[in-house]
Amino acid sequence: MTETAQRLAEIRGGVPPRRHNARTIAALTGNPGCTRRAVLDSAGVDKPKLAERIGFPARFGQSRFAITRGNAFEAQVKADGGAELLRLVAERLGVPVPDGATWTDLGADEDRPERSRTALTASGDGPALFDHPLLGLDVAGRRVNLEPDLVAARLAGRFHVVEIKSFPIIDGQADPAKVAAAAIQSAVYVLALRELLAAEGRDPDVVSHEVVLVCPRDFANRPVASLLDVRKQLLVLRRQLDRMARIDDLLAAVPAGFTADLTTDPATLAGALHGVPARYAPECLAACELAYFCRHEARGHTGALGRPVREALGGVAEVAEVLALAEGVRAPEPEQAEAAALLRAAARLRADALAGHPA
Amino acid sequence: MSTLRALARAQAVAAGVAQPVATVRHLHLSDRPLVLVPLALAGEANAPLAALVGAAPDEARLLVVPQPRNRDQRFAFAAELAGIVLPWLDEFRDRTEAVPVDRGRDVRHRYLDAPQLLVPNPAGITFLRLFGRSTRFRRPDGEHPVHPSVPLLGRWLTFFAERAEHPGSAALVALTDALTLHWATGQSVVEDLHLPALLGWLDPPPGLTGAEAAALAEDPARCPPAGPATDPDFDNHRLAPVMEAYADAGDDPVARAAAYAELERLLHDQLAPTWELMWRGVGLLRALPAGARVAGRWDGDKDAFTAHAEHVDAGGGPQPRRDGAVAAAARLHRLERALTSYAVQRAYDDPLVMAEHRLTGEAFVGDVTLADPKRVDDTGKRPVLRPRIQVVTTEPVLVPVGATLYSPARPGQKAKVVFVTPAADGKTEVVLELSGGMGRGLTAPPGTVPEVGERLCLTTLSDGFLPAGNFPAPEETPWTHGGPPAAAPAPADPVPAADADPAEDWS
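Residues numbered from 1 in each chain as written. Chains lettered and ligands numbered in written order. Predicted model: local features only at pLDDT ≥ 70, side-chain atom pairs only at ≥ 80, totals over all residues.

A short note on the overall build of chain B
Within chain B, the regular secondary structure consists of 13 helices and 17 strands. With the principal axes as the frame, chain B shows a C-alpha extent of 95 × 65 × 45 Å. Relative to its 507 residues, chain B shows a buried fraction of 42%. Contacts spanning at least 24 positions in sequence make up 65% of the contacts within chain B whose residues lie at least 6 apart. (Helix = DSSP H or I, 4+ residues; strand = E, 2+ residues; numbered from the N terminus. Buried ≥ 20, exposed ≤ 12 C-beta atoms within 10 Å, placed from the backbone. Contact = placed C-beta atoms within 7 Å.)

Next up, the structure:
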C-alpha cells in the first residue's frame, strides 16, 4: 500500500471504501474547488453516514414511484431483444436500421469484467447492442467498477452510449436540470468505454461523443431518442479526475491526523471536518451529502447566500464585515476601497428610501 | 442581483428576519384569488396526485387521484378541477367596462375584473402549464372521450401559464416569486424557492430567528414540501401503503371507501400546511399599499382575459403546441417590451427600487436650485416653451450632456442635459432643459415646471410608449425563418398522434 493509499485508508477508518457509480462520479464535477469534498470522495468515505453521524443528514431520498416508473420504461424500451431500441437509435443517428443486429446482455454473468472487455473490444464492427456492460475508471488512484444501466450501441462502426431515462420530453423540451444530469452521467460512460478500448489498443475515438438519450415522449410512454453532445462534460470530468489523481497535493492541505472514521464521536468528527477547507455554495444542497453541515459552517459568510450575492457585495467574505463597511464603522483594507464605497452608497440609499425620503 | 438587494440579504442575516426591498406592492392582488396547491406523483409525466383549491381560506376543496397512473382518473381529476375553475372564471364575466380606443374615437368593452390564480412556487406554474398541455387537445368524442370541460380547462390553464411568462402580469403568480420581489431573506435564491422556509424568514414564530424557523421548515417530516413534488419518505412509507390498500380493495365498496377516506386524510395533511402558508403570504402582501402603476398593469391582464374569453366563445381552437416563426418572434417582442416597461414602472412607483438604479448611475436625486419656467426658445421656425432648471446633487452623475432624462414625478416631461458642472463639496450641478407636459401655450401651467427647493429624481429610464414591432404575416415568413409554413395542419385532428393513445397504463 502506498503512502497515499495508507493515508486515505486512515481518513476512511476501518471500513472498505464506498463504491462509486456514474452518479457519484458525475457529482464530483460539481464544485471542483472544494477540498473537503475531493478528499472525502477520494478516500471513499461514506458521506451519507458521515452527515447523519454529525447531525446533518442529507435528504436525497428517491420515491419508489419514480423507481418503479424508471424500471418499467427501461424494460419496455429494451423489450424484444432491443428491436425497438435499435430502430430508435439508428433513425436518430440517420443510419439505415440494420438487419440482424446482435443483442448481448453482459449483466448476468459471473466473470463480467472479462466478458465485457472481450465483447466490447472484439474486432468485429457489425451492428450490435451491449446491455449492462461492466466498465471501470480510475478515481483517485483506485479502480472503480461501473455497472451502468446502459446500452452501448455499435452502429456503422461507431459506439454510441445509449442512456434510457424516464423523464418526459414534451413538445421537444425536457427539464433542463434532468438533461444536464443525464449528460454528465453519460459522459462518465463515454470516458470509461474509451479507456477500455484504448487499453486494448483500439482507437478510443470510435466511441462517439454524441450520446443517445431515450425518454418517453409527451405524456404517453412511447420512447423518443435525442442526441446529446457531451464533449464539454468530458472535459470537465477529465479535469476533475486528474485533480483527484493528484490527491497528494490536496492531502498536503489537510491537517495531519484528520480522520472521518465513523466510529469517532460526532463532536470530534465535526471538529476534524472544520479543519479541511470547504467551498460551500447553495448549489451544493442539490449535489453533496455533506451540504447541510457545510451550510451551517458557512453561516455568516456571503458565499452562503449565493455567488451572485457575494459578487454584488464586492466579494467581501463575511456578512459582519459587509455591514461594518457599509456603515462606515470599519476602515476598509486597501483592496476593499472600491467595494466599501459601493456598500456605503448602497446603505445610504437604502436607509434614505426606507425612511420615506422622496425619490 | 443588485448590490442593494444583496445588501438587504446581508442585513437580513444580521437581523435574523427578512428585510424589505420594496416600499409598495408591485403586483395586483385580487379580493378572491383562486389558490391552487397541486401535488404530482413522483416519476410520472406531470400526473396529478392531489390538489387543494379555493378562493378563500375557509373554502378549501380537496381533489385526490387514488391511482394517478390511471388515465381515466387523471381526466376525472381534470373534470373535477374544471368544475371549480370554470364557474369561478364565469364570475368575472358578468360586468364589462368601456375603454376608449383610437384616441377616443371609439370604445371597446372589457371585463371589469380578471381572475387571479396563485400557486406556491414556480414549479407549480410549470405543473399547470404541462397539465394544460396534456388536456387542451383532448376531445369529448372519438375513441377516448373526456368530459367536455377538460379541453376547456386545458386552454384556460394554458392561457394562465402564458400570462405567467409576461413580466408584470398578475394573472398566475407563484407566491415565492411575489414575496421575494418585496423582501430579501438571509438565505440564497435556491432556498427561497421553498415556501415554508421563505415564510420562516418573513414571519418567524415568536422566539425564533428567521434562520431557525427556515431550518425547521426544511424538515419534510415537520413541514411537508409545498409541492408539486412530494417528499420521497412520505411516498415510500405513507402514500404507497395507502394506495396499495385502495388498489387491493378492488370492487369491495366498503374497503374501497375506507381506503379512499384514508388517502384523502393523508393527502389533506400534506397539503393543509401549504394552504395556510399561502394565505399567510397573501396577507403579508396585502398589508403593503399597491404601487401607482399596478392598476395599469392589471388592466393588461383584464384585456388578455377578455380577449381569450372572446376567442373561446367564438369557437377558436386550442393554443398550438409550438408557435410558428412569426408568432414566436412577435411573442418574444411583446415579452421584451413588457419586461422593460415593468422594470421602469417599478422604479417609478418605488423609491427603494429606484435606489437600485441610483446606485448604478441610471438615476440621481437632487434639489432644484434655479428655475427659469418662462424660458422660450425662439431660434426655430416658431417659438417653443423650453424652461430650464438647475439641480444640485451629491450623487455621482454619469449621464452625458445631451442625454434625455425623465422624472417619475412628471413622467410626460423630457429633461435634456445641457451642462454638468462639478461644484464644491463633491456636489454636481446639472442644468436641464424641459420639454413636454406643459400644455400647448408659451406659459407653463403652475406645477408643470419644478420649483426651486423641490427635490427631484432624474433618470434615464423612460416609461414612454414603446412602439410595437412590425412582423410579416405568417404566410410571408422569410426564408431565414423557415419560409411560409407548409399547408396548414389538418384541423380535423388536433390531437398529436403520439398522444392519441391514452389507453396505456403503468403499474
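What follows continues from the structure just given.
As for the overall build of chain A
Per the secondary structure count, chain A includes 14 helices and eight strands. Burial status across chain A gives 42% buried among its 359 residues. Counting contacts in chain A only where the partners sit at least 6 residues apart, residues at least 24 apart contribute 63% of the total.

Focus on the interface of chain A and chain B
Contact residues are listed per partner, giving 49 residues for chain A and 51 residues for chain B. Elements with a contribution of two residues or more to the side of chain A that touches chain B: helix H5 (64-93), helix H12 (307-312), helix H13 (319-327) and helix H14 (337-354) of chain A. Sorting elements by how many residues they give to the side of chain A that touches chain B places H14 of chain A first, with ten residues. A class-by-class count of the residues in the side of chain A that touches chain B yields 30 nonpolar, ten polar and nine charged. (Nonpolar A, V, L, I, M, F, W, Y, C, P; charged D, E, K, R; others polar.)

Considerations on the sheet that holds strand S2 (residues 34-40) of chain B
Residues and elements named next belong to chain B. Taken together, the five strands give an open sheet; going across it, the order is S4-S3-S2-S7-S8, and neighbouring strands pair in mixed fashion. In this open sheet, the two edge strands, each paired with only one partner strand, are strand S4 (61-64) and strand S8 (172-174). Ignoring strand direction, the axes of neighbouring strands in this sheet form an average angle of 20°. Running over the sheet, helix H2 (residues 71-90) touches S2, strand S3 (48-54) and S4 and is turned about 15° from S3. Helix H3 (residues 122-135) rests against S2, S3, strand S7 (117-119) and S8 of the sheet, and its axis sits at about 140° to S8. (Pairing = 2+ DSSP bridges. Axes fitted to C-alpha atoms, helices over the stretch in contact; angles between N-to-C directions.)

Thoughts on the sheet that holds strand S2 (residues 128-131) of chain A
All names here are of chain A. Read from one edge to the other, the open sheet built from six strands follows the order S1-S2-S5-S6-S7-S8, with strand pairing classed as mixed. Across the chains shown, the open sheet's two edge strands, defined by having one partner strand only, are strand S1 (102-105) and strand S8 (223-229). The average undirected angle you get between the axes of adjacent strands in this sheet is 25°. In this structure, strand S7 (residues 210-216) lies alongside S8, joined through seven bridges in antiparallel fashion.

Structural notes on the domain arrangement of chain B
Parsing chain B into structural domains produces domain 1 (3-348) and domain 2 (361-459). Spacing between the C-alpha centres of domain 1 of chain B and domain 2 of chain B amounts to 45 Å. (Domains from an automatic or database assignment.)

Describing the packing of helix H7 (residues 195-202) of chain B against helix H8 (residues 210-217) of chain B
Residues and elements named next belong to chain B. The N-to-C vectors of H7 and H8 enclose an angle of 160°; their axes lie 7 Å apart at closest approach. As summarised for this structure, H7 and H8 are arranged roughly antiparallel, according to the angle between their axes. For H7 against H8, the interelement crossing comes out right-handed. Of H8, the residues touching H7 (which contributes Pro196, Ala197, Gly200 and Trp201) are Gly210, Ala213, Ala214, Leu216 and Ala217. Of the residues contributing to the contact of H7 with H8, the split by class is seven nonpolar, two polar and no charged. (Parallel < 35°, antiparallel > 145°, perpendicular 65-115°, else oblique. Left-handed = near helix turned anticlockwise from the far one by under 90°.)

Description of helix H11 (residues 294-313) of chain B
Residue and element names in this part refer to chain B. With 20 residues, H11 should reach 28 Å at 1.5 Å per residue; the first-to-last C-alpha distance of 29 Å fits that figure. For H11, the set of buried residues is Val294, Arg297, Trp298, Asp301, Lys302, Phe305, Thr306 and His308. Once H11 finishes, glycine 315 follows within two positions and takes phi at roughly 80°, a positive value. (Expected span 1.5 Å × (residues − 1).)

Re the pairing of strand S6 (residues 158-164) of chain A
As a general feature of sheets, a regular strand has side chains that alternate between the two faces. Residue and element names in this part refer to chain A. Along S6, six of the seven residues are buried, which leaves the element largely enclosed by surrounding structure. Of the strand pairs in this sheet, strand S5 (residues 150-155) and S6 are connected by six bridges, and their pairing is antiparallel. Its bridge partner being in S6, valine 151 is matched across the sheet by valine 162. Between S5 and S6, which pair antiparallel in sequence order, lie two residues; one of them, alanine 156, sits at a positive phi of approximately 50°. When S6 meets S7, the two strands line up parallel, connected through three bridges. Counterpart to isoleucine 164 in the pairing with S7 is valine 214. In terms of handedness, the path from S6 via helix H7 (residues 176-199) over to S7 forms a crossover that is right-handed. (Right-handed = clockwise from strand over helix to strand, strands pointing away.)

Focus on the confidence of the model for chain A
Here chain A averages 85 in pLDDT, and 97% of its residues register 70 or above. No element of chain A has a lower mean pLDDT than helix H6 (residues 112-121) of chain A, which averages 73, and none a higher one than H12 of chain A, which averages 94. (pLDDT = per-residue confidence, 0-100.)

Focus on the domain arrangement of chain A
Quite often, the size of an interface is put as the accessible area lost when its parts meet. Domains assigned within chain A are domain 1 (3-60 + 249-279), domain 2 (64-240) and domain 3 (303-354). Between the C-alpha centres of domain 2 of chain A and domain 3 of chain A the distance comes to 49 Å.

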